[in-house]
Amino acid sequence: MTSRRGEMHLALFLLGTGNHPAGWRLPQAGRSNLDLPLLLRAAQLAERSLFDMIFVADGLALSLTDHPSYVARFEPLTLLATLGAHTTQIGLGATVSTTYGEPYHVARAFSSLDHLTGGRAAWNVVTTANPAVAANFSRLDHPEPATRYEIAGEFVDVVRGLWDGWEDDALVADRESGLFADSARIHPLNHSGQYFSVRGPLSMPRSPQGQPIIIQAGGSPAGRALAARTADVVFAAVQDFDAAKLSYRDLKSQLASFGRDPASLKVLPGVMPIIGRSKSEALATLDRLQSFLTPTNALHLVSIRLGHDISQYSLDGPVPDLPFTAGTQGFAKGLLEKARQENMTLRDLYNLTAAARGHWVLCGTATEVADTLEQWFVEEAADGFNILPPFFPDAFDDFVQQVVPELQRRGLFRQSYGGNTLRSHLGLSRPLNQFAAK
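Residues numbered from 1 in each chain as written. Predicted model: local features only at pLDDT ≥ 70, side-chain atom pairs only at ≥ 80, totals over all residues. Heavy atoms only, no water.

Would you mind showing me how to read the overall build of the protein chain here?
Secondary structure assignment for the protein chain yields 14 helices and 12 strands. Taken over 438 residues, the protein chain has a buried fraction of 56%. Across the protein chain, the fraction of contacts at a sequence separation of at least 24, relative to all contacts at a separation of at least 6, is 78%. For the protein chain, the exposed area adds up to about 18300 Å²; of that, 51% sits on carbon and sulfur atoms. (Helix = DSSP H or I, 4+ residues; strand = E, 2+ residues; numbered from the N terminus. Buried < 20%, exposed > 50% of the residue type's maximum accessible area, 1.4 Å probe, protein only. Contact = heavy atoms within 4.5 Å. Areas by Shrake-Rupley, 256 points an atom, 1.4 Å probe, with all protein chains shown as cover.)

Structure below.
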C-alpha cells in the first residue's frame, strides 16, 4: 500500500425509492422519488457528512418496467436548484443528454445553477443509449453509438466555450462611469461545426467555478476517450478489484495525450453498501430485497445493462456468450467478465445485476465495508466512490453514521470542507478562461 490518505471523495446517488429496485418495498423505506422532504433530508445529511456531491440521474423515456425511481421523477436541474436552496456547500450533479439537447440550453442551465449555488454545479454528460427516447423528440431514428459520441464531443466543446464567453472581470457595473459590461471582455463563440452552429455568448457572466464540473460515465473506448479529454469526474461501473485497478490506470494514462495531469480526473466507482452487525445480517438484508424482485422487472433491468434481450435464455443455464454493444459496454464488460470468471448461471448474473443495476454490491459490517473501500482507494483502483444506498433513509443513515466516521478515524476522509465550491471539494483548480488566455 501507498501512503495515500485524506483525499477520498464521496458522492451520493440520490433516488427516493432507493437504488435497489425493490428498496421501496421495505416498511421503513421511502416509496417515491417525488418525496421532496425525503430527498431534502438525504441531501442535508450528505452535506453534514461532508460528501463532495449529490448526484441525480435522468432519462427521457418512460418504461413501467424500469427502476421505480425512474418511473416517476423530477426534472433533475429543477430538483437540484431546490436542494441547492436548502444546502450551502455540497456539490450538485445532474445528467443531461447530448443527443437530445442543445448546447446553449445546457450551458445556460448549468451556469445558472453554478451562480445560484455559489459554485456547486456538475453536469453528467450522457449520450443516451435508449432508442425509445427518439420518439419523444420528433426524431425518426436514434443515432448509432459512434455518431452519438461524435455529437457529444462537439457538444461538450461548445458548452465549455460558452462558459468562457465572459472573462472574469467583464461585468463592471460602474455607477460613476455608467459602464455595466465591458464588451472587450465578452466573446462570441461563433462555432460552426458538423452538428452545431452556435454564436453565443451566454447572457450571464462566467460562473463561480469558472466552468461547472463535468462528469462522464461511458465505458466504451469512445466514452473513455471523451472522459480523458473533457471530464473532471468519472462514475465507473466495476465489479472486480483487479479489473478496476487496470481500468483506473488505463484511463489515467490517457490524460497525458490531452496535456492533462492524471490528478485532474477523479474516478468514483458506483457501490451499493449494505451494512449489518455481521456480514450474514447484511447478506440477509440483500436476500430480502432480492426476494421482492419480479422476474419481469429484473430481466428487464439486466437486459438494459447487457444491451441484449435475455428473456429467451434459461435462468439456470450458463451466461450466454453475448457481444458488447457500444452503448452499454461499461456495464456489460464488467458483468460478463465476472460471470465468466466465476462460472455464473444467468440466474446468478440476474441477481447480481438486478440488485444495483450493474454496480458493485458490498455487504458486511461497517468495519468490513471501510476495509474494502480503503483497499480500493489506497491501492489506486478508485479516487472515491459514488454511494448507492439500497433504500432511504435508513441504509444511508447506516453508511454515514458507521462507515464515514471509520474512514475519518483512519485518515481517509475529510473532517471538514476545505472550501465552498465543488472544485475545492475535489481538489481541482479553477480553469483558465480560454479566451482571456489568448
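Would you take a moment to explain unusual backbone geometry for this structure?
Comment: phi is negative for the bulk of residues other than glycine, and the bulk of peptide bonds are trans. Here G200 and P201 are connected by a cis peptide whose omega angle stands at -5°. Within the fold, P201 resides in the loop between strand 6 (197-198) and strand 7 (213-216). Residues F392 and P393 are joined by a peptide bond in cis, for which omega reads 0°. By secondary structure assignment, the location of P393 is in the loop between strand 12 (384-387) and helix 13 (394-409). Backbone geometry places T128, a non-glycine residue, at a positive phi of 70°. Mapped onto the elements, T128 comes out in the loop between strand 4 (121-126) and helix 5 (145-163).

What is the right way to look at the pattern of salt bridges in this model?
Pairs can form between side chains of opposite charge whenever their charged atoms are close. Enumeration over the complete set of coordinates arrives at 18 salt bridges. For the salt bridge of D169 with R185, the shortest nitrogen-to-oxygen distance reads 3.3 Å. Separated by 16 residues along the polypeptide, D169 in the loop between helix 5 and strand 5 (191-192) and R185 in the loop between helix 5 and strand 5 bring together distant segments of the chain. For D169, a relative accessible area of 44% gives the class partly exposed. For K245, the salt bridge identified is with E379, shortest N-O distance 3.8 Å. Pair noted here: K245 is in helix 7 (residues 241-254) and E379 is in the loop between helix 12 (366-378) and strand 12, with a separation of 134 residues, a long-range link. For K245, a relative accessible area of 22% corresponds to the partly exposed category. Taken together, the shared-partner salt bridges connect D371, E374, E406, R409 and R410 into one network. (Salt bridge = Lys/Arg side-chain N within 4 Å of Asp/Glu carboxyl O.)

Explain the packing of helix 5 against helix 6 (residues 221-230) to me, please; I cannot follow it from the model alone.
In helix packing, the relevant descriptors are the interaxial angle and the interaxial distance, both defined with respect to the helix axes. Where helix 5 contacts helix 6, the two axes come as close as 10 Å, and the packing angle between them is 15°. Put simply, helix 5 runs roughly parallel to helix 6. For helix 5 against helix 6, the interelement crossing comes out right-handed. Contact residues: helix 5 offers Y149, A152, G153, V156, D157 and R160, while helix 6 offers A222, G223, L226, R229 and T230. (Axes fitted to C-alpha atoms, helices over the stretch in contact; angles between N-to-C directions. Parallel < 35°, antiparallel > 145°, perpendicular 65-115°, else oblique. Left-handed = near helix turned anticlockwise from the far one by under 90°.)

Got a minute to help me understand the packing of aromatic side chains in this structure?
This model, assessed by the stated rule, comprises 13 aromatic pairs. Seen from their ring centres, F55 and F235 are 4.9 Å apart, and the 70° between their planes marks the pair as edge-to-face. One end of the pair, F55, is in strand 2 (residues 53-56); the other, F235, is in the loop between strand 8 (233-234) and helix 7, with 180 residues separating them in the sequence. Residue F55 is classed as buried on the basis of its relative accessible area, which comes to 4%. Site record: aromatic cluster; members linked through ring pairs are F110, W123, F155, W163 and F196. (Phe/Tyr/Trp six-rings, centres within 6.5 Å; stacked < 30°, edge-to-face > 60°.)

Help me out: how do you make sense of the sheet that holds strand 10 (residues 270-275) in this one?
The strands making up a sheet are joined through hydrogen bonds of the backbone, oriented either antiparallel or parallel. One open sheet holds the 10 strands; their spatial order is 9-8-7-4-3-2-1-12-10-11, and the pairing between them is parallel. The sheet is open, and its two edges are formed by strand 9 (266-267) and strand 11 (360-364), each paired on a single side. Pairing analysis gives four bridges linking strand 2 to strand 3 (residues 91-97), with the strands arranged parallel. The residue of strand 3 that forms the bridge with I54 is L92. (Pairing = 2+ DSSP bridges.)

Hey, could you run me through the side chain of E374 in this one?
With respect to the element layout, E374 can be found in helix 12. The buried category is assigned to E374, whose relative accessible area is 14%. A distance of 2.8 Å separates a polar atom in the side chain of E374 from a polar atom in the side chain of R410. (Polar contact = N/O pair within 3.5 Å; in protein donor to acceptor, adjacent residues only side chain to side chain.)

Please clarify how the nonpolar core should be interpreted in this entry.
In globular proteins that are soluble, nonpolar side chains generally tend to be buried together. Formed by 85 residues in total, the largest nonpolar core has its most connected members in F51, W123, L373, F385 and F399. The biggest single contributor to this core is helix 5, with nine residues. Apart from residues lying up to four places away in sequence, F399 is in contact with L10, F51, P273, I275, L373, I387 and V404. The next biggest cluster of nonpolar side chains, apart from the first, holds 24 residues, and it includes F55, Y70, M272 and I274. (Core = buried A, V, L, I, M, F, W, Y, C linked by side-chain atoms within 4.5 Å.)

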